[in-house]
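Summary of the model geometry
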Amino acid sequence: MHKNHIHIFLLIALLALQISCASKRNVTVNETVIEELPPKLIFLNYTISKDDHGNKHVQFINKIITDGKLKNNTEAYLKTGAVGDLKCSQLDKDSLEIKTVIIKNPLSKIIEYVNDSLIFESKKVELKSAPLSLRLPLHDKTKYITISNIIDSLQNSLPLITTKLD
């Protein structure tokens, strides 16, 4: 029995010696942290109007830039526009297009109502002026936002207003 105690003692001593001689060097991993800017949203408010000749005019009211992103990823804007719709483009410092969305003509509204026979009907109403509020994810290189009127079926457009972001 005495020999078993000595063997166990030697085994424990050898194990303690091995652990104490183990490398104490700290292993560090070099990580490069890429600091990503938080996503931003821009809220733009305008008034759009049409003169007696049918020409559209846009007047800037205000803009708000804030941290955040749109709740859903589905595009609320059209992919292609019709004549009279608006094209809203984010431009970089060299006025190159970064992102463009199409906005349904805000001066042309479809109104649904129930007639005297309790049947749904719809009616197209052309407005002289209307508010225009936009909520867009803001690209970090955007310096200007321009709103243009689509003037033909080839998606050619006529600029109406350019808003500079500071």
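Numbering of residues starts from 1 in every chain and runs along the sequence as written. In view of the model being predicted, local features appear only for residues whose pLDDT reaches at least 70, and side-chain atom pairs are presented and counted only at 80 or more, with totals across whole chains, interfaces and linings using the full set of residues. The side-chain values count all of the structure's non-hydrogen atoms but skip hydrogen atoms and water molecules.

1. As for the sheet that holds strand β9 (residues 157-164)
The strands that make up a sheet are held in pairs by hydrogen bonds between backbone atoms, and each pair lies either parallel or antiparallel. Basically, it comes down to this: For two strands to be treated as a pair, DSSP must find no fewer than two bridges joining them. The secondary structure listing takes helices from DSSP runs of H or I that are at least 4 residues long and strands from runs of E that are at least 2 residues long, numbered from the N terminus. Every angle, taken between N-to-C directions, lies between 0 and 180 degrees, and every axis is a line fitted to C-alpha atoms, over only the stretch in contact when it is a helix.
With antiparallel pairing, the four strands of this open sheet are ordered in space as β4-β3-β8-β9. The sheet is open, and its two edges are formed by β4 (97-103) and β9, each paired on a single side. Strand-to-strand twist across the sheet, computed as the mean angle between neighbouring axes with direction ignored, equals 20°. Inspection of the sheet shows strand β3 (residues 86-91) paired to strand β8 (residues 144-150) by six bridges, in the antiparallel sense. Of the residues in β8, the one forming a bridge with Q90 is I145.

2. Looking at the sheet that holds strand β7 (residues 129-138)
A sheet is described by the order of its strands in space; here three strands give the open sequence β2-β1-β7, paired in antiparallel fashion. Each of the sheet's edge strands pairs with one partner strand only, and the pair in question is β2 (56-67) and β7. Taken over all neighbouring pairs, the strand axes of this sheet differ in orientation by 15° on average, direction set aside. In this structure, strand β1 (residues 40-50) lies alongside β2, joined through eleven bridges in antiparallel fashion. Residue pairing in the sheet places K40 in a bridge with D67 of β2.

3. A word on the confidence of the model for the chain
Heads up, the condition is: The predictor rates its confidence in each residue with pLDDT, a number between 0 and 100.
Residue-level pLDDT values for the chain average 85, and 84% of them are 70 or greater. Across the chain, the secondary-structure element scoring lowest on mean pLDDT is helix α1 (residues 2-20), at 74, and the one scoring highest is β8, at 95.

4. Overview of a nonpolar patch on the surface
Keep this limit in mind: Only residues whose relative accessible area exceeds 30% and that form no salt bridge enter a patch; like-charged residues are grouped when within 9 Å of one another, and nonpolar side chains (Val, Leu, Ile, Met, Phe, Trp, Tyr) when within 5 Å. For the area figures, the Shrake-Rupley method with a 1.4 Å probe applies, and any residue is considered shielded solely by the protein chains shown. Salt bridge, as used here, is a side-chain nitrogen of Lys or Arg placed within 4 Å of a carboxyl oxygen of Asp or Glu.
Together, I6, F9 and L10 make up an exposed nonpolar region whose accessible area comes to about 320 Å². Of note, L10 is situated in helix α1.

5. Overview of the environment of N45
The following threshold applies: Here the term buried applies to any residue with accessible area under 20% of the maximum for its type, exposed to any over 50%, and partly exposed to those in between, with areas from a 1.4 Å probe on protein chains only. In this description, contact between two residues means that some pair of their heavy atoms is separated by no more than 4.5 Å. Distance and chemistry together define a polar contact, namely a pair of N or O atoms within 3.5 Å, with one atom able to donate a hydrogen and the other to accept it when in protein, and with adjacent residues in sequence counting only for side-chain atoms on both sides.
Along the chain, N45 falls in strand β1. Judged by relative accessible area, N45 falls into the partly exposed class, the value being 22%. When the C-alpha atoms of N45 and K63 are compared, they prove to be 6.3 Å apart, with 18 residues separating the residues in sequence. Apart from residues no more than four positions distant in its own chain, N45 is found in contact with Q59, F60, I61, N62, L132 and S133. Within polar-contact distance, the side chain of N45 engages the side chain of S133 at 2.7 Å.

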